[in-house]
Structure formats: structure tokens, C-alpha cells
Amino acid sequence: MSVRVRFAPSPTGHLHVGGARTALFNWLLARQAGGTLILRIEDTDRERSADSMTRGIIEALEWMGLDWDEGPIRQSERLDRHRAVADALLETGHAYRCFCSPEELARRRRAGSGTTGEWTYDRRCLSLSVDAVAARMASGRPAAIRFRVPEGAVGFEDAVFGQIRKRGEELEDFVLVRSTGEPTYLLGVVADDLDMAVSHVVRGADHISNTPKQLLLYRALGRTPPVFAHVPLILGPDRTRLSKRHGAAAVLAYRDAGILPEALVNFLALLGWSDGTDREIFDRASLIDAFSLGGVSRSNAVFDGDKLSWFNGRYIHSLPAAELAVRVAPVMRGAGVWEDRFEAADRGWLEQLLATIRPRFRSLDALAAEVGTYAGEDIDYEQAAVEKFFNDPSLAEYLPALAERLENIERFDLESTESALRTLAGELGTRAGLLINASRVALTGKSVAPGIFDVMVILGREKTVRRLRASIARISLS
RNA sequence: GGCCCCAUCGUCUAGUCGGUCUAGGACGUAGCCCUCUCAAGGCUAAAACACGGGUUCGAGUCCCGUUGGGGCUACCA
């Protein structure tokens, strides 16, 4: 049997990391089996669904590199089909019309929810005679269609949670079609999964409790249900389900915060799944290779932004410099540090710069912002750096001397600049460290930067000499 | 409230048929090394089997209960 899975988000909000992980697991399963991934938008609640959300979800999936083979299919385009399924259920006696209005139900619910807990639908309309139903329909009274929950237990073997059972008596006669004629989610999923020949339903564990209802529908329809695999939920730091309340839970917010998609994918894969080894770094291909539903955890996981950040650092540090340049380019544009010369003539220089400064960064944002320090003409001097490394009066003498040496050495590379500086320090009878740290402030305006000779080489002789000389004015100010 | 599910370091997790598990790895934290700063990298440390009963020669691993957490309980998805 071929693997046909689906990712079925509802466009009532942004794609958050929980949904993204569900999408990832589905994608992994499909790719691993050479199967099919269907993207289905569950927008049967027209009140809460928004097209902009659908676009955002698609944008997020594309950014993560999770491609689908069929769809996007909007559930709202299949309403007639859903209604036909409901009619069939009506026909076979598995469903019935209910004329109780939502307001009336709310009233009864309030009155009925006494000591023994929740009120469930009392099946008032189930006992209506055929004539009574016909009369109400003729009078144009709106009717919902409810599923008639049969007696007995329902159970299924979940691919990650194992055996799950529920007694039918605990289920109420749920609504299949609203009195407005709109089918509900419960009917929609079953009808769609059936029509789309879905073989594995992989979704969040918040759907476990609804699965028995869906199973009843499959049974009433005389069809074999797919394999169900529920994945544990991702929790916020407060241990409740991730939502907008938890700030940046949206996938696109991570993209905008300078997170690389491969880092998010790698991190998410390991949140709730393990291959049983100590391995932490997985690229797409090895994830496809190693993933299995059996390795999915049964307990919920707290989202740890620090660890995501660590993964992001790993990828920023290890991506080929040329590739990294491609990724930061848009971020640099956003930060206003992009220059056209980076597109052509100075592409190599940009790549070299990125490779030099990246060990200090864990996000594309911070990395991009730093480019300006090296590529721009002017630099800002950080007060703290000036106070810490630019406070020796003799620097007013040393720095011009260093500038002069550097201006005249034959070659200008790592070895020559270092030997020039150390030789000068020796001649001046001072520590090389004094010159080095002061040079750092003079060349970058900061107390934190790559090795000073890397800085000199990346800046080039001319800019190095110029900044060294220009910086002297700052000494007296400190 | 009812029902369902879950339970190993602060966090993510490994833990084969119950037997060197004095519980392993990673993030984070602390220290050390490297060193021109800060990172990166390397090394080290502190840090967990929720609790109580069973079963067993032996339980983190099986069973029951308690506690804790999460989910569902809509004419939401």
C-alpha cells in the first residue's frame, strides 16, 4: 500500500512550530516512502478562516522546504461532497436531523449541567416521528444533522500511543452539518481522508479524543480507517500548549529573527522524536533516512529557544561561505548594510568576511548587522570599548607608528601584519596585547571582534591604516 | 466535574527480552585549556529515574494507586 499522508492546517492563525513539526513528520514519512503528501486547508469555519493566513501557512512551508504533491485543497471547495456523505448517513439511519437551535441548546446546557458534570445532547430530536420531521422541514425550520452514536466501545491502535479505547456512552450525538448547511470539521476530515485515500493520519495529540468519533463515522460508512499516529504537543515555557500568547511561536517570526530553515527543521525533528542514538545534527537526507513513527515520543515537549539558537549557530558556522552569503543577503538588505558591489566584484570579499566573523553569531540578523562595521566607511566607537582598551596616553604615539609600519610592509597578510605589530611592540618596549587591543577598538570601534590580524587583512591595508590614524582623536576623549 | 493521554537532569532526550545504569548524550549553567578581546573549539563539574505499594533473586524498565501535567468535553478545527 502506498503512503499517502496529509498536512491539514486550519487557516485560523499563523503556522506555529507545533503545526510545522506535524507538517515535517508527514513530509518525512512521504519522502521516505516515496509516497504522497497532500496539503489540505481546513477552512470549514468560514467565520474564523482568513485567506491571508492560508498564504502565510504556504509561505512558511515553502520557507522550510516542505513541499507537497497534491493541493492545496480547500476543504470549503468540497462542501457538496461532505453534504452528500451526510445525506448518505441520514439515509442509512446513522444520522438524524436536529431542530434544536444553538441558543436553545445553550439554555438547556446551562440548566442541565448540575452536579454530575457536563450536559450532553439529550437526543430530543431523535424521537421525532417521520411526519414531525417532514412538517418542520416544510415550515422551513433550520435543521442540523447529528450523528447517532451507537452503543459499545470504540478503540484503535495508535502508531505512537498504542491502544486507545473509549466507550460510546461518553460520546454525544455530535453535529455533522450545521443548521446553516455547512458541514463541520468532523465530517470533513473523514470524508476528505477517505476520498483522498489517505493511508496515515499524522496529527497533533489534541486530536486523540476526537478520533473515536471519526472511527464511528468510518464504521457507519462501512469503510476501513487509515492508520492514526498522534504526535505529542509542543508546550510553551509555562507548560501549556503553544499559542500566540507565547510570543514568537510562528514559523515566519523565526525566519524574520534570522533563523535558518535547516536549523528549525533539525531542531523540530528532535523535539519529540529520536533515532535512539546521540546524534543531533541531521540534514534533510539523513532525517528522511532515519525517521520513523516508532521513534516518536509520547510525552509533550517544552520548546527551548536556547537550543534552537544553538542549532542555528551550528548551521551558520558550518554552511559553505558562498551559501551563507546567499542567505544573509536579504537580511543585509533589510538591515541597510547591503551594497551593490557585493553582488559582483566584492562577492568573494563578502564571503571571506562572513567566514571570518561568523563564529561569534547565532542569528543571521546579528551577523548581517556586523557586516557594516567592516564594509562601511565610518565606524561608531563603543564607549565601553574605548574606556577599556583606549585609555593609555602612549597610544597616541604607538598607533601612528603602527600605521606607518603597516603602510610600508611589502605584503599585507596574516603573517606580515602580525610580525610587523609584534616587532614594533618589541621596539617600543610595550606589550603586543596593548597594541592589539587598541587596534581592535581603532579598527572596529568594538571590544569584540575576530583575531586582529584577520580584521586587518579583511579591511585591507588602506582602510586599516586610515582607521588607525583616524582613531587617535578618540584617545584624548576617553 | 467527566473522559483520554503522559511522567528520567532546569530543557530536549537515550535507556534493547527487567540484570555493571556507580543512569548516557545535547542545550543551558559553572570552571579550566586555548588566547590579542569576544566567540568558536577542547576538557571537566554540578544536575534526573515524581511518590507509595506490589510482582521478582533483581525494576528507570512490568502491575496498581497517589500526585503532578497536558488534551478533549462547541452547530471550532
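In this text the structure is predicted, and so the values were computed from the model without any measurement.

Trainee: Mind showing me how you'd approach the sheet that holds strand E5 (residues 144-147) here?
Mentor: Whether parallel or antiparallel, the strands of a sheet pair through hydrogen bonds between backbone atoms. Read across the open sheet, the 3 strands follow the order E4-E5-E8; overall the sheet is antiparallel. Every other strand in the sheet has two partners, leaving strand E4 (95-98) and strand E8 (175-177) as the edge strands with one partner each. When strand polarity is set aside, the average angle formed by the axes of neighbouring strands in this sheet is 40°. Here 2 bridges tie E5 to E8, and the two strands are oriented antiparallel to one another. Within the sheet, the bridge partner assigned to Ile145 lies in E8 and is Val177.

Trainee: Is there a simple way to explain the pattern of salt bridges in this structure?
Mentor: On inspection of all chains with the given rule, the structure shows 34 salt bridges. In this structure, the salt-bridge partner of Glu170 is Arg167, at a minimum N-O distance of 2.4 Å. Across the pair Glu280 and Lys307 runs a salt bridge, and its minimum N-O distance is 3.5 Å. Here Glu280, found in the loop between helix H9 (261-269) and helix H10 (284-290), pairs with Lys307, found in helix H11 (residues 305-318); they are 27 residues apart in sequence, far enough to count as distant. Taking the relative accessible area as the measure of exposure, Glu280 reaches 30% and is therefore partly exposed. For Lys307, a relative accessible area of 32% puts it in the partly exposed group. Bridged by salt links that share partners, the residues Arg6, Arg40, Glu42, Arg78, Arg81, Asp192, Asp193 and Asp195 form one connected network.

Trainee: Hey, could you run me through helix H12 (residues 321-335) in this one?
Mentor: An α-helical segment advances 3.6 residues per turn. Residues three or four places apart therefore align on the same side. The first and last C-alpha atoms of H12 sit 20 Å apart over 15 residues, in line with the 21 Å expected at 1.5 Å per residue. Approximately 40° is the largest bend angle found in H12, and it occurs at Val328, with the proline Pro330 only one to four residues beyond. Considered for burial, the residues of H12 that qualify are Leu324, Ala325, Val328, Ala329, Val331 and Met332. Where the residues of H12 are buried, they touch H11, helix H13 (347-357) and helix H14 (364-375). At the exit of H12 stands Gly336, carrying a positive phi of roughly 75°.

Trainee: I'm lost on the state of the cysteines in this one. Help?
Mentor: Where two cysteines share a covalent bond between their sulfur atoms, that bond is called a disulfide. Counting across every chain of the model gives 0 disulfides. Left without a disulfide partner, Cys98 is nearest to the cysteine sulfur of Cys100, which lies 3.8 Å away. Note on Cys125: no disulfide assigned, nearest cysteine sulfur contributed by Cys100 at a separation of 3.5 Å.

Trainee: How do you make sense of the packing of aromatic side chains when you look at a structure like this?
Mentor: What characterises a pair of aromatic rings is the spacing of the ring centres plus the angle enclosed by the ring planes. Taken as a whole, this structure holds 11 aromatic pairs when the rule is applied. A connected cluster of aromatic rings, assembled from ring pairs, spans Tyr254, Phe267, Phe303, Trp310 and Phe311. The positively charged end of Arg284 is found above the aromatic ring belonging to Trp27, 5.8 Å away from the centroid. The ring centre of Trp338 lies 4.3 Å from the NZ or CZ of Arg333, which sits over that ring.

What counts and how
- Residues numbered from 1 in each chain as written.
- Chains lettered and ligands numbered in written order.
- Predicted model: local features only at pLDDT ≥ 70, side-chain atom pairs only at ≥ 80, totals over all residues.
- Heavy atoms only, no water.
- Pairing = 2+ DSSP bridges.
- Helix = DSSP H or I, 4+ residues; strand = E, 2+ residues; numbered from the N terminus.
- Axes fitted to C-alpha atoms, helices over the stretch in contact; angles between N-to-C directions.
- Salt bridge = Lys/Arg side-chain N within 4 Å of Asp/Glu carboxyl O.
- Buried < 20%, exposed > 50% of the residue type's maximum accessible area, 1.4 Å probe, protein only.
- Expected span 1.5 Å × (residues − 1).
- Bend = angle between axes of the 7 residues up to and from the residue.
- Contact = heavy atoms within 4.5 Å.
- Disulfide = S-S within 2.5 Å.
- Phe/Tyr/Trp six-rings, centres within 6.5 Å; stacked < 30°, edge-to-face > 60°.
- Lys NZ or Arg CZ within 6 Å of the ring centre and 35° of its normal.

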